[in-house]
Amino acid sequence: MNDDPGAAGGTTRDNSVERDNWVERDRAVVWHGFTQMSTYADHHPVVVERAEGRELIGVDGRRYLDAISSLWVTTLGHCVPELDAALAAQLALGAHTTMLGNGNRIVVELSERLAAVVPVDGAHVIYASDGACAVEQSLKIAWQYHVNRGDARTSFLAFGGAYHGDTLGALSVGDRGFGTDIFDPLTFPVLRAPAFGEPGCFDRAVAMVAEHAADLAAVIVEPLVQGAAGMQLAAPDDLARRGRACRDLGVLLICDEVATGFGRTGTLFASEQCDLRPDLMCLGKGITGGSLAMSATVASDAVFSEFLGDDLGPRTFYHGHSYSGNALAAAVALRHLELIEAWNVLDNVRDRGEQLGALLHDRVASRAEVREVRRRGLMTGVELAPPSEGLRWGRRVSAACVDRGVLIRPLGDVIVVMPPLTVTSAEIHTIVDALVDALDQVAADDAADARALS
Ligand SMILES: Cc1ncc(COP(=O)(O)O)c(C=O)c1O
């Protein structure tokens, strides 16, 4: 894969002028999310020209191992011929037709396949385009479910550290952060259980469900791993306990598997490891293997049935997006599910995850610069331990990894390592080598600065 002169870790061509031109054109017209545009260009962003396998190739010809799966979406790799063939075949049949009041064959086929694999009893699938919209749908469904039953419940319970997306409902159940506090006045209040990492988190969450059950529409949780909180982990038994409390008290359980779904934690869905049968499940990111925008909310038959009633009547779910159930995305998503099985992808996640865990344990975890390593499957966070505030270690260590040809994006001072599910053993070594070198470099730079000041 690295036979290009601009192989990962170093380039023999100096195309930096070309790259700078593209960065300038980019900066002039593109507004990047979660990015301060006045300093965007200073951080030497990678402008991708094409992608191949698990690598991205910049406009300057440099190659980067995509160790964050393009923000956690890429599963099998980029430009997978089998997925591209499914896309082309569907293109010939029509790219998109509306799901509002009408159907589409490929969407039926995908939904049948999804219904067979999601841990939801009697699954019914409603589609959207981004994870936040899947969450938004699930909150509205949970709300109306109780209204339709004549038992209006007005609150939601979510966890400290949670992240569920950027739309206002999703922001409300999320625990803010990332500079989003400015939108607080636009959000609605929710009951907040402690964050996963806090002692007694689940005892408290179970107690809160019991205390507020009469008014609680739903509990929303990221099963096993709170991704955006920096890969905070929860024990499967604790999640199972909290799931049982919801069921016993008639509180709906929403599992947000936007990040954990489609194999990242070693099973197709993280809920499976926690013995959870959620009433509502949010899917996104990896659903199409990372190639096309699609998300979905899966509702149990018990939930769905409460929406059945008179034509044009008030029990109807009055919600739906223009591109809901896009046929191209559905064709790719269907083929993607087949390939996960045919290629034994989950075995690779488990093997490579363990290899990554062992290497991080041996070479990274005990370093003075590292506070903790957290991992489930191929979702990994390396929390750094900077000696003082303001050193921006997360950003600097990531930048040093990028210089070495491994694309990393941190969450504050947590280095996220989340390679595609088909990552090879050699690529795992490449990622850990780059991280170790990057840590060496940042520690040495700080030591040199300290000497210069003394
Ligand atoms: C658990 C979880 N839910 C929802 C979202 C939002 O997904 P999207 O960015 O596709 O809107 C994310 C994004 O990181 C997520 O991690």
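As the structure is a prediction and not an experimental result, all values here were calculated from the model. For every chain, the first residue of the written sequence is number 1, and numbering continues from 1 along that sequence. Local features in a predicted model are, by the rule used here, given only for residues with pLDDT of at least 70; side-chain atom pairs are given and counted only at 80 or more, and totals for whole chains, interfaces and linings are based on all residues. Only heavy atoms go into the side-chain values, all of them from the structure, while hydrogens and water stay out.

Another aspect to go through is the site of the ligand. Residues are counted as near a molecule or strand when any one of their heavy atoms sits within 4 Å of it. Taken together, the neighbourhood of the ligand is formed by Trp72, Asp130, Gly131, Ala132, Tyr163, His164, Gly165, Glu222, Asp256, Val258, Ala259 and Lys285. Take Ala132: an N or O atom from its main chain is 2.8 Å from an oxygen atom of the ligand. Within the side chain of Lys285, an N or O atom sits 3.2 Å from an oxygen atom of the ligand. Within the complex, 85% of the 390 Å² of free accessible area of the ligand lies under protein. Just so you know the grouping, Ala, Val, Leu, Ile, Met, Phe, Trp, Tyr, Cys and Pro go in nonpolar, Asp, Glu, Lys and Arg go in charged, and all remaining residues, Gly too, go in polar. Taken together, the residues of the shell around the ligand sort by class into 5 nonpolar, 3 polar and 4 charged. Under the rule applied, a polar contact is a pair of N or O atoms within 3.5 Å (in protein, one hydrogen donor and one hydrogen acceptor; residues adjacent in sequence only if both atoms are side-chain atoms). Only the protein chains shown count as cover for residues, and all accessible areas are computed by the Shrake-Rupley method using a 1.4 Å probe.

Okay, the nonpolar core next. Membership of the largest hydrophobic core comes to 62 residues, with the highest contact counts inside it found for Leu110, Leu283, Val364, Val397 and Leu435. The numbering of helices and of strands both runs from the N terminus, where a helix is a DSSP run of H or I of at least 4 residues and a strand a run of E of at least 2. Considering each element in turn, this core owes the most residues, 10 residues, to helix 11 (residues 327-342). Built from parts of two domains, this core gets at least three residues from each of domain 1 (16-79 + 344-453) and domain 2 (81-342). The contacts of Leu283, once residues within four sequence positions are left out, are Leu114, Val118, Ala134, Glu257, Val258, Phe262, Phe269, Ser295, Ala296 and Val298. In this structure, Phe159, Val209, Cys246 and Leu276 belong to the second largest nonpolar core, which totals 34 residues. In this text, buried Ala, Val, Leu, Ile, Met, Phe, Trp, Tyr and Cys residues form a nonpolar core when linked through side-chain atoms within 4.5 Å. The buried label applies to any residue whose accessible area, calculated with a 1.4 Å probe on protein chains only, is under 20% of its type's maximum; exposed applies above 50%, and partly exposed to all values in between. As used throughout, domain bounds are those supplied by an automatic or database domain assignment. Should any heavy atoms of two residues lie within 4.5 Å, those residues are counted as being in contact.

Should DSSP find at least two bridges between two strands, the strands are taken to pair. Ordered in space as 1-2-3-15, the 4 strands form an open sheet in which the pairing is mixed. The sheet is open, and its two edges are formed by strand 1 (48-52) and strand 15 (406-407), each paired on a single side. Pairing between strand 2 (residues 55-58) and strand 3 (residues 63-66): 3 bridges, direction antiparallel. Bridge pairing in strand 3 places Leu56 opposite Tyr64.

Further remarks concern the packing of aromatic side chains. In summary, the pairing rule links any two rings of Phe, Tyr or Trp, Trp by its six-membered ring, whose centres are within 6.5 Å, and it sorts them by plane angle into stacked for under 30 degrees, edge-to-face for over 60 and tilted for everything else. Counting across every chain of the model gives 6 aromatic pairs. With centroids separated by 6.0 Å and ring planes inclined at 40 degrees, the aromatic side chains of Phe156 and Phe188 adopt a geometry described as tilted. Of the two residues, Phe156 sits in strand 5 (residues 155-159) while Phe188 sits in the loop between helix 6 (168-173) and strand 6 (191-193), which places them 32 residues apart along the sequence. On the basis of an interplanar angle of 70 degrees and a centroid distance of 5.2 Å, the ring pair of Phe262 and Phe269 is categorised as edge-to-face. Judged by its relative accessible area of 1%, Phe262 is buried. According to the relative accessible area criterion, Phe269 is buried, its value standing at 0%. Cluster of aromatic residues (ring-pair linked, three or more members): Phe159, Phe196 and Phe202.

For the protein, the assigned domains read domain 1 (16-79 + 344-453) and domain 2 (81-342). When each unit is reduced to the centre of its C-alpha atoms, the spacing between domain 1 and domain 2 is 28 Å. At the interface, 29 residues of domain 1 touch 35 residues of domain 2. Buried surface at the junction of domain 1 and domain 2, summed over both partners, amounts to about 2,600 Å²; 63% is from carbon and sulfur atoms. Buried area is calculated as the accessible area (1.4 Å probe) missing from two parts once they are joined, with the contributions of both summed. Interface area lost by domain 1 to domain 2 is led by Trp72, Arg376 and Met379, which between them contribute 27%. Any Lys or Arg side-chain nitrogen located within 4 Å of an Asp or Glu carboxyl oxygen qualifies as a salt bridge. Taken together, the links from domain 1 to domain 2 amount to 0 salt bridges. Counting across the domain 1 and domain 2 interface gives 16 residue pairs in polar contact (both at pLDDT 80 or more). Sorting the residues of the side of domain 1 that touches domain 2 by element identifies helix 2 (69-72), helix 12 (345-363), strand 13 (370-376), strand 14 (379-384) and strand 16 (414-417) as the ones contributing at least two each. No other element matches the 4 residues that helix 12 contributes to the side of domain 1 that touches domain 2.

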